[in-house]
Amino acid sequence: MPDTPQDIVRAYHARTKHRFDAYAEGPGQLDWDAQPAPFRHYPGAPALELPLTADRYERRYAQLPTPPEIPITPDLNSLGALLELSFGISAWKSWGPNRWALRCNPSSGNLHPVEAYVLSAGLPGVGDGLHHYDPEGHVLEGLAQPGPVAGEAWLAVGLSSIMWREAWKYGERAFRYCQLDVGHAIGALAYAAALLGWEVVPLAMASKTLGHSLGLDRPDDFPPSRYAFTETEEPEILLAIRAPGLGMPPSAESLAEWLNAADWQGKPSRIDPSPGYRWSAIDQVAAASRDERNANTDTIGFSPLPPLPPHPNPLGAAQIIRQRRSGQRFDPRYSLSKPAFYRMLDAVLPRPQSPWLAQQAPPRIHLLLFVLRVEGLVSGLYLLPRSPATATALPAALVPADQRFAARRQVADFDPECPAYLGLIQLAEMGLQEMQRLARSLSCHQDIASTSAFSLGMLGEFPAATADGHGYRELLREAGLVGQVLYLEAEAAGVRGTGIGCFFDDPVHQMAGLSGQHYQSVYHFTVGTPITDERIETGPPYPQRQK
């Protein structure tokens, strides 16, 4: 009997675990001169220069949950702001002869496998049809423009991933990182939309149909060859933009028919003409986890939580989005305030608002926290279940042989500053040095996990998520979405976060007393006070556009 999609994704996850005695399969060495191209272009396609208009829509980060007083209508200017603050360049960095771009959406290794496409009709200043977003120039490249259609205007953003960009450096584990990056990208789009008073909602569309709608199945653009796997873009998700004056995009069938009538323009640039490796495990898990549905059967029921309080930081949302960075080093001399810590945890609880409206599946990610330097909170292990059912099930699953979590207790029972609805659980008090050793060793011996204020592992409900193959993608994307919330909340708190893709999977489970496969660690994250490397220079994101 052939393996089912569930079997394949579960086997892939097990195969790509890091262990104390061996890391997942990777290339072994890197030729940095042969790094895959970080930007894809479509030479020959008409280019529409987008305005850099995000500052005209600026408002406080605290105001994001509420729409602006004057509704913002989608047009060329507001679309430019949306794409600038979600997928655009936020700065250029340089050190000696080396120069590289930072973007508003984070990425594992700054490799950026995610490509963004715009599908729209009736949007003032933008031709109807399909466009590729080029973040390097902040332009739309018109790939297919079939002409105007009757009815309401609509706008959607499609995401794909070029998995070779991550596989070049990370080998077989790259599929995980690509899905985490898709989750980060979804979150970045949702936050940028919230600044404009818009919402982002996922649309059910089978992977094959989405690939056709984004032009990713065109043999003239992606011809079969020995190295075709490096150029392939994997269709990921289509997201509708809810905004004043916009309706919903047409059905998958109508969209395909509309684009079939278009004249296609432009050819995609090459990513890597001569790769040195090929990872068949990535091809297998990608095929097994593609969505075959044109209708979403999942129901997301949000818990009855009070609204997230406005953030006390007076800074603007666009400023915080642009200044987001991945911390490289943390200063262990500084601690995080307890109110800031509780606020970050509150922000990752799923509510019926951005960015959680962009999520496709029910919440299945929960946080195992290594608290190191939070003022007024003893160092130790803590647990944050993110759904009511798991608030009982997950603590019950933590049954280590030595019963070191027997004294676990609700933090709200002994700390009146902790909101009771947060459901934060203290598993065990531990000394700072012990916590540092634990956090560092489990995150591939990386100091950033131990010099921070806190780090965490994201535990996923694995059997439920992988009941079908596509659920594995959704689980990893949810982890990336949680990470995006932590990134921006850390910046708003005056500190910095960073995602950690390298961790020892099963040792995390063993430390927590988790047996079997019910909960699996899928992503780590850490937050602390950054140490700035003064040798690295920072330049503007689009110097060629400055007057």
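Quick notes on the rules
Residues numbered from 1 in each chain as written. Predicted model: local features only at pLDDT ≥ 70, side-chain atom pairs only at ≥ 80, totals over all residues. Heavy atoms only, no water. Helix = DSSP H or I, 4+ residues; strand = E, 2+ residues; numbered from the N terminus. Rg over C-alpha atoms; globule rule 2.2 N^0.38 Å. Buried < 20%, exposed > 50% of the residue type's maximum accessible area, 1.4 Å probe, protein only. Contact = heavy atoms within 4.5 Å. Areas by Shrake-Rupley, 256 points an atom, 1.4 Å probe, with all protein chains shown as cover. Pairing = 2+ DSSP bridges. Axes fitted to C-alpha atoms, helices over the stretch in contact; angles between N-to-C directions. Parallel < 35°, antiparallel > 145°, perpendicular 65-115°, else oblique. Left-handed = near helix turned anticlockwise from the far one by under 90°. Nonpolar A, V, L, I, M, F, W, Y, C, P; charged D, E, K, R; others polar. Polar contact = N/O pair within 3.5 Å; in protein donor to acceptor, adjacent residues only side chain to side chain. Arc of directions from axis to C-beta.

Caption draft 1: Quick look at the overall build of the protein. Within the protein, the secondary structure is distributed over 16 helices and 17 strands. Its C-alpha atoms give the protein a radius of gyration of 23 Å, near enough to 24 Å, the size a compact globule of 547 residues would have. Taking the principal axes of its C-alpha atoms as reference, the protein extends roughly 65 × 60 × 50 Å. For the protein, the proportion of its 547 residues judged to be buried stands at 59%. Pairs at least 24 residues apart make up 82% of the contacts formed inside the protein by residues separated by at least 6 positions. With an accessible surface of roughly 21400 Å², the protein has 52% of that area assigned to carbon and sulfur atoms.

Caption draft 2: How the structure looks around the sheet that holds strand 15 (residues 496–500). The 7 strands lie next to each other as 12-13-11-10-14-16-15, forming an open sheet whose pairing is antiparallel. Looking at strand neighbours, the two that pair on one side only are strand 12 (409–410) and strand 15, the edges of this open sheet. For strand 10 (residues 365–371) and strand 11 (residues 380–384), the ladder comprises 5 bridges, and the chain directions are antiparallel. The residue bridging Phe370 from the neighbouring strand is Leu381, located in strand 11. Along the sheet, helix 13 (residues 432–442) contacts strand 10, strand 11, strand 14 (454–461) and strand 16 (519–528); its crossing angle with strand 10, the most-contacted strand, is approximately 135°.

Caption draft 3: Main features of the packing of helix 10 (residues 338–347) against helix 15 (residues 470–492). Close contact between helix 10 and helix 15 brings their axes to 9 Å; oriented N to C, the two are set at 150°. Classified by the interaxial angle, the pair formed by helix 10 and helix 15 is roughly antiparallel. Once helix 10 is placed against helix 15, the crossing between them reads as right-handed. Facing Arg343, Met344 and Ala347 of helix 10, the residues of helix 15 in contact are Val485, Leu486, Glu489 and Ala490. Residue classes in the contact of helix 10 with helix 15 are distributed as 5 nonpolar, no polar and 2 charged.

Caption draft 4: Representation of the pairing of strand 10. Counted residue by residue, strand 10 has 7 buried out of 7 residues, so it is predominantly covered. Taking every second residue as pointing to the same face, both faces of strand 10 are buried, with Ile365, Leu367, Leu369 and Val371 on one and His366, Leu368 and Phe370 on the other. Note: strand 10 against strand 14, 7 bridges, orientation antiparallel. Its bridge partner being in strand 14, Leu367 is matched across the sheet by Met458.

Caption draft 5: Just the side chain of Gln359, in detail. Structurally, the position occupied by Gln359 is in the loop between helix 10 and strand 10. The buried category is assigned to Gln359, whose relative accessible area is 10%. Separated by 2.8 Å, the side chain of Gln359 and the backbone oxygen of Ala361 make a polar contact.

Caption draft 6: Looking closely at unusual backbone geometry. With an omega of 5°, the peptide bond between Ser354 and Pro355 qualifies as cis. Within the secondary structure, Pro355 sits in the loop between helix 10 and strand 10. Backbone geometry at Asn110 places phi at a positive 55°, although glycine is not the residue there. Secondary-structure assignment places Asn110 in the loop between strand 3 (98–103) and strand 4 (114–121).

Caption draft 7: A look at helix 11 (residues 388–397). Regarding helix 11, the residues found buried are Thr390, Leu394 and Pro395. Along helix 11, the residues classed as buried sweep out an arc of 115° about the axis, all on the same side. Away from its buried face, by an angle of more than 90 degrees, helix 11 presents the exposed residues Pro388, Ala389 and Thr392. At its buried positions, helix 11 is contacted by strand 10, strand 11, strand 13 (425–429), strand 14 and strand 16.

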